[in-house]
Number of protein chains: 2
Amino acid sequence: MGWMTDESGLEKCAANFVPLTPLSHLARAAEVFPNQTAVIHGDHRVTYAQYYDRCTRLAALLAEIGVTPGDVVATLIPNLPAQAEAHFGVPACGAVLNTINIRLDPDTVAYILDHGGAKVLLVDTEFLPLAEDACARMEGTCPAIIEVPDAPAGFPASGRHPQYEELLAEANPNFRWIMPDDEWESLALNYTSGTTGRPKGVVYHHRGAYLMTMGTVISWQMVLRPVFMQIVPLFHCNGWNHTWMMPLLGGTLVCCRDITAAAIYDAIADHGVTHFGGAPIVLNMLVNADAEDRRAFDHRVEVFTAGAPPAPATLSKIEKLGFNVTQVYGLTETFGHVTECLWQGAWDGLPEPDRAGVKARQGVAMPMMEEITVMDAEMAQTPRDGTAQGEIMIRGNAVMKGYLKNPEATAEAFAGGYFHSGDIAVQHPDGYIQIADRAKDIIISGGENISSVEVEGVLMGHGAVNLAAVVAQPDEKWGEVPCAFVELKPGAEASEEALIAFARARLAGFKTPKRVVFGELPKTSTGKIQKFELRKQVAAL
Amino acid sequence: MGWMTDESGLEKCAANFVPLTPLSHLARAAEVFPNQTAVIHGDHRVTYAQYYDRCTRLAALLAEIGVTPGDVVATLIPNLPAQAEAHFGVPACGAVLNTINIRLDPDTVAYILDHGGAKVLLVDTEFLPLAEDACARMEGTCPAIIEVPDAPAGFPASGRHPQYEELLAEANPNFRWIMPDDEWESLALNYTSGTTGRPKGVVYHHRGAYLMTMGTVISWQMVLRPVFMQIVPLFHCNGWNHTWMMPLLGGTLVCCRDITAAAIYDAIADHGVTHFGGAPIVLNMLVNADAEDRRAFDHRVEVFTAGAPPAPATLSKIEKLGFNVTQVYGLTETFGHVTECLWQGAWDGLPEPDRAGVKARQGVAMPMMEEITVMDAEMAQTPRDGTAQGEIMIRGNAVMKGYLKNPEATAEAFAGGYFHSGDIAVQHPDGYIQIADRAKDIIISGGENISSVEVEGVLMGHGAVNLAAVVAQPDEKWGEVPCAFVELKPGAEASEEALIAFARARLAGFKTPKRVVFGELPKTSTGKIQKFELRKQVAAL
């Protein structure tokens, strides 16, 4: 402990200690990059001076309608300018941003609104029916809805709610931002699909988001004024915190309602996009794009991908097209990516299959993290031999505060001073981590996490079903889709179509099993279903 | 304040909160860049694995000889590997690093050793006579000396003290680093020449050094694996914290005993140096180098310069040689640079004199700083009109804890919640700051700060001198040199040579006046010397 014998007068004060927050990045950008383009979406193109002004007005209008520090403000918006503005405007009035997944079913949205206690809900007009349905299903008080229309995209205002642009226009442009007094204050609330039927509310601190932005600049080898396309949904770990990072670099954020190969190629060719992040499905989309959707470009585009290792064939094809792909790994609980498959110079000469082999690793700790390693059940380091399996354990400043109103789950996740990722991995002799299996049976479909337990729960609710087990089935388009194995009750009958329709009525589309296989489930002597065996069966299907 | 209604279980814990410290960078580099070259000096060339091992051994040997957390360990070493290692090895045993200026006189070094209370002093053999002389003049207990010989450079071991390499070889390579429990713990102690005769001890915190490294990467547009030459002395603001930054990037640190044009050109050509920082005198050295000292290179070298605006003629010449120069500004109290003259795209087309004009500005806040502006005596923002003068005021995380054992000076420096720089500047309409005058009469000679008050004090100690005033005289080689104006006592006599010799015996060489002008000093009605008038006279000399 480096305290000197006499430290009188050396305490923190306003001059030498400022709580870390990504809000500082936008305040600085408004000063040092005022005329730089900050956000592009179709005809919408604003400078940092204008972006700052719009975020200030959003903070002002929220405060005006009664949002006070510590309150939750939720959003149901695709990756559009209003969603980016919420990332600064909501915390700038002291509130906590809760970006909700627009693909969820109304019941789950209602649960989130009740659990998080949102006072205001910003809704893109396309998702207004979902929002209104969810509000009708809530147990508690409904949040005030602010509608964000997008007429050029075919979503004009419904007329049923106050409108975003009109409120912004009337708001106080001189509102003084409410900066955190403590960098541990809550910045955002992100619900994870988790492993149980009900999502858990992951709470982010200002400090972690600030350090995520600083560390990501280094890992992604970004210099000033990148052009970044926001493909990862901002309702997933706040888009890996990249929108908070852009003002730090005077970068340009390119928005997009629907992620298509044409939209991405257009953004690269028209706006000069230099960086984006996305699930492997996005890489497949680019590689398999129709000729008329492709555009020529002559710079290298840096891509972060996560959720699953990019397939060697995809990697080989996409790198020839001018993209450099780096795999990263993280969870909602870690603000997004916390490891990177850091490329080593010694690998430059590797033949293609070996290149893909090393790129399939999840890698090493990013600069803002302290320690990411693999441990056995007793929390001892596993041998770094590329074969011994253990759980990925994470310690560092980009780890959540915990789960909202769930101290038990928080304590369990942090047992022994590490965040327990639930992901099973091996560690290579050079320290690189590679995921071997998922302890929590998460299925990743098109970049979305699906809890197999949740899908099983729904199927088991069908009168004819005795037992259900859901595992991932590899899928060329989505990466993985859910495949259900079902044991029917003695004498009961149900068709595959009927069970899929039953699930579809109760789950978001992406969570619905694409296939149902009937038969007795393999079990251990203690009656535990052997998913390992089911995965073998899926592989043989 | 973003505290939610229910934050139970959301407190900091070991999994989600790690004190910020530059020590983390080297620990990570040893894991992720183990085979990358970390440090080069002549035949000395070590990887990150070896650098980490050497720093660990240094920490171990210091702990072994009784250094405990919070103790001070001092150094008198040029920019050589041992000095870089001290930046990690000293704090890794919990101690505070006090790098002492090798150009100081023995009395001042003795004062610093007494005031800081160093327990151990690492000394390069070239500066052993200075260290031994200083120890003999101390009032308190002398520190234990560890000698760092450099035989290839003509400085073999004296045999009078334990030797660095021998102690390292015997030290415990498995010593467990003592990481800070609190990022506010003291990391380093840097004495500033200040404005009074006695230097003040500026105390750095771990948090500030960590954030300096993160912010500098962005300002300097560094990507992974830069090759950095340490020209700014590590005893000045710890070389602007660049040595702490290198492991974050897997960069290579090129050391140098004597800074010459030949040494810099060789390092660029032989090691591919991409970045260095230095006072304008270094730029002049490169521009005016003899043909045989120059080397060809075909990459662009990024240069940070500080201390004075680079002269337009120098800028014009050096940019044609392949260097891009950015002016930065800061003080010992701010860990080094905290503003940068951030280049705006709109300036790309400017004609040469206008380019030099904007590059002469000290600029805007770097990314890790919260607010740097110009205020009047009532601490109100001055008009941003490029003419209204005020004091540069600084607020952010790269500001010192305060002055050691001097709470009054600390409180004064931080009055009103800003660090008062003492530098007088104007602010342009775009927010860029430009220094207009120095409030504290500091003379900057070859990158070294000289307190005019200190030199005046020595001259006034001469029996024949009635009054002395010292101001900066522009100098082609050193930038500035001290020029003394002296009023002799009635009837007394003294020659210019005699006064210079008198000062030389009592001051470091660079502080000695190069010229003495005799005559009555111009004074205000209240008897205050009008230095303003003397500066006019110097300009006319």
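Keep in mind the model is a prediction, meaning the values are calculated, not measured. (Residues numbered from 1 in each chain as written. Chains lettered and ligands numbered in written order. Predicted model: local features only at pLDDT ≥ 70, side-chain atom pairs only at ≥ 80, totals over all residues. Heavy atoms only, no water.)

Undergrad: Tell me about the relation of the copies chain B and chain A, and please be specific about residues and values.
TA: Overlaying chain B on chain A yields an RMSD of 0.1 Å, the required transformation being a rotation through 180° with an accompanying axial translation of 0.0 Å. In short, the pair behaves as if placed about a two-fold rotation axis. Measuring from the rotation axis to each C-alpha of chain B, the shortest distance belongs to Met 214 of chain B, at 3.1 Å. The share of interface residues of chain B whose copies in chain A are also at the interface is 100%, consistent with both copies meeting through the same surface. (Least-squares fit on C-alpha atoms with pLDDT ≥ 70 in both. Contact = heavy atoms within 4.5 Å.)

Undergrad: Describe the sheet that holds strand E25 (residues 515–518) of chain B, with residues and values.
TA: Residue and element names in this part refer to chain B. Taken in spatial order, the 3 strands make up an open sheet running E23-E24-E25, and their pairing is mixed. Edge positions in the open sheet fall to strand E23 (465–475) and E25, since each of these has one partner strand only. With direction set aside, neighbouring strand axes in the sheet form an average angle of 25°. Both strand E24 (residues 479–488) and E25 contribute to a ladder of 4 bridges, which runs parallel. Each residue of the ladder has a partner; that of Val 486, found in E25, is Phe 518. On top of the sheet, helix H16 (residues 496–504) reaches E23, E24 and E25; it is set at about 130° to E25, its chief contact. (Pairing = 2+ DSSP bridges. Helix = DSSP H or I, 4+ residues; strand = E, 2+ residues; numbered from the N terminus. Axes fitted to C-alpha atoms, helices over the stretch in contact; angles between N-to-C directions.)

Undergrad: Go over the pairing of strand E5 (residues 120–124) of chain B, please, and point to the residues and values.
TA: All names here are of chain B. The element E5 is largely enclosed, with a buried count of 5 among its 5 residues. Of the two faces of E5, the one holding Val 120, Leu 122 and Asp 124 and the one holding Leu 121 and Val 123 are both buried throughout. Across 5 bridges, E5 lies against strand E6 (residues 144–148) in parallel orientation. Bridge pairing links Leu 122 to Ile 146 in E6. Considered for its hand, the β-α-β crossover made up of E5, helix H5 (residues 128–137) and E6 is right-handed. (Buried < 20%, exposed > 50% of the residue type's maximum accessible area, 1.4 Å probe, protein only. Right-handed = clockwise from strand over helix to strand, strands pointing away.)

Undergrad: Account for the pairing of strand E23 (residues 465–475) of chain A, naming residues and giving values.
TA: Residues and elements named next belong to chain A. Relative to strand E24 (residues 479–488), E23 runs antiparallel, the two sharing 10 bridges. Bridging across to E24, Asp 475 finds its partner in Gly 479. Hairpin connection, E23 to E24: the antiparallel pair is bridged by 3 residues.

Undergrad: Describe the interface of chain B and chain A, with residues and values.
TA: Taken together, the 83 residues of chain B in the interface contact 83 residues of chain A. With both sides pooled, the region where chain B packs onto chain A buries about 6,700 Å², and carbon together with sulfur makes up 58% of that total. Across the salt bridge formed by Arg 207 of chain A and Glu 183 of chain B, the nearest N and O atoms sit 2.9 Å from each other. Viewed at the interface, chain A and chain B are joined by 36 residue pairs in polar contact (both at pLDDT 80 or more). With 7 residues, helix H7 (residues 206–219) of chain B is the single largest residue contributor to the side of chain B that touches chain A. Tallied by class, residues from the side of chain B that touches chain A come to 46 nonpolar, 18 polar and 19 charged. (Buried area = accessible area lost by both parts, 1.4 Å probe. Salt bridge = Lys/Arg side-chain N within 4 Å of Asp/Glu carboxyl O. Polar contact = N/O pair within 3.5 Å; in protein donor to acceptor, adjacent residues only side chain to side chain. Nonpolar A, V, L, I, M, F, W, Y, C, P; charged D, E, K, R; others polar.)

Undergrad: Tell me about the confidence of the model for chain A, and please be specific about residues and values.
TA: Across chain A, pLDDT averages 93, with 97% of residues at or above 70. Listed scores for the predicted complex are pTM 0.88 and ipTM 0.88. (pLDDT = per-residue confidence, 0-100.)

Undergrad: Describe in detail the nonpolar core, supporting the description with residues and values.
TA: If you look at the biggest cluster of nonpolar residues, it comprises 192 residues, and the most contacted ones within it are Tyr 51 and Ile 394 of chain A together with Tyr 51 and Ile 394 of chain B. With residues up to four places along the chain from it excluded, the contact list for Ile 394 of chain A reads Tyr 329, Leu 331, Thr 334, Val 338, Met 369, Glu 371, Ile 372, Val 399, Tyr 418, Phe 419 and Ser 421 of chain A together with Ala 15 of chain B. (Core = buried A, V, L, I, M, F, W, Y, C linked by side-chain atoms within 4.5 Å.)

Undergrad: Provide a residue-level description of helix H2 (residues 48–64) of chain B, including the pertinent values.
TA: Residues and elements named next belong to chain B. Counted at 1.5 Å a residue, the expected span for H2 with its 17 residues is 24 Å, and the 24 Å between its end C-alpha atoms agrees. Where H2 is concerned, the buried positions are Tyr 48, Tyr 51, Arg 54, Cys 55, Thr 56, Arg 57, Leu 58, Ala 59, Ala 60, Leu 61 and Leu 62. Just downstream of H2 lies Gly 66, where phi reads positive at about 105°. (Expected span 1.5 Å × (residues − 1).)

Undergrad: How would you explain the packing of aromatic side chains if you had to name every residue and give the values?
TA: Scanning all chains against the criterion turns up 26 aromatic pairs over all chains. Note on Tyr 48 of chain A and Tyr 51 of chain A: the rings are 5.9 Å apart at their centroids and 55° apart in plane angle, and the pair reads as tilted. Of the two residues, Tyr 48 of chain A and Tyr 51 of chain A are both situated in helix H2 (residues 48–64); the distance of 3 residues between them amounts to about one turn of the helix. Considered together, Tyr 48 of chain A and Tyr 51 of chain A belong to a single accessibility category, that of buried residues. Judged by centre distance (6.2 Å) and plane angle (75°), the rings of Trp 184 of chain A and Phe 17 of chain B are edge-to-face. (Phe/Tyr/Trp six-rings, centres within 6.5 Å; stacked < 30°, edge-to-face > 60°.)

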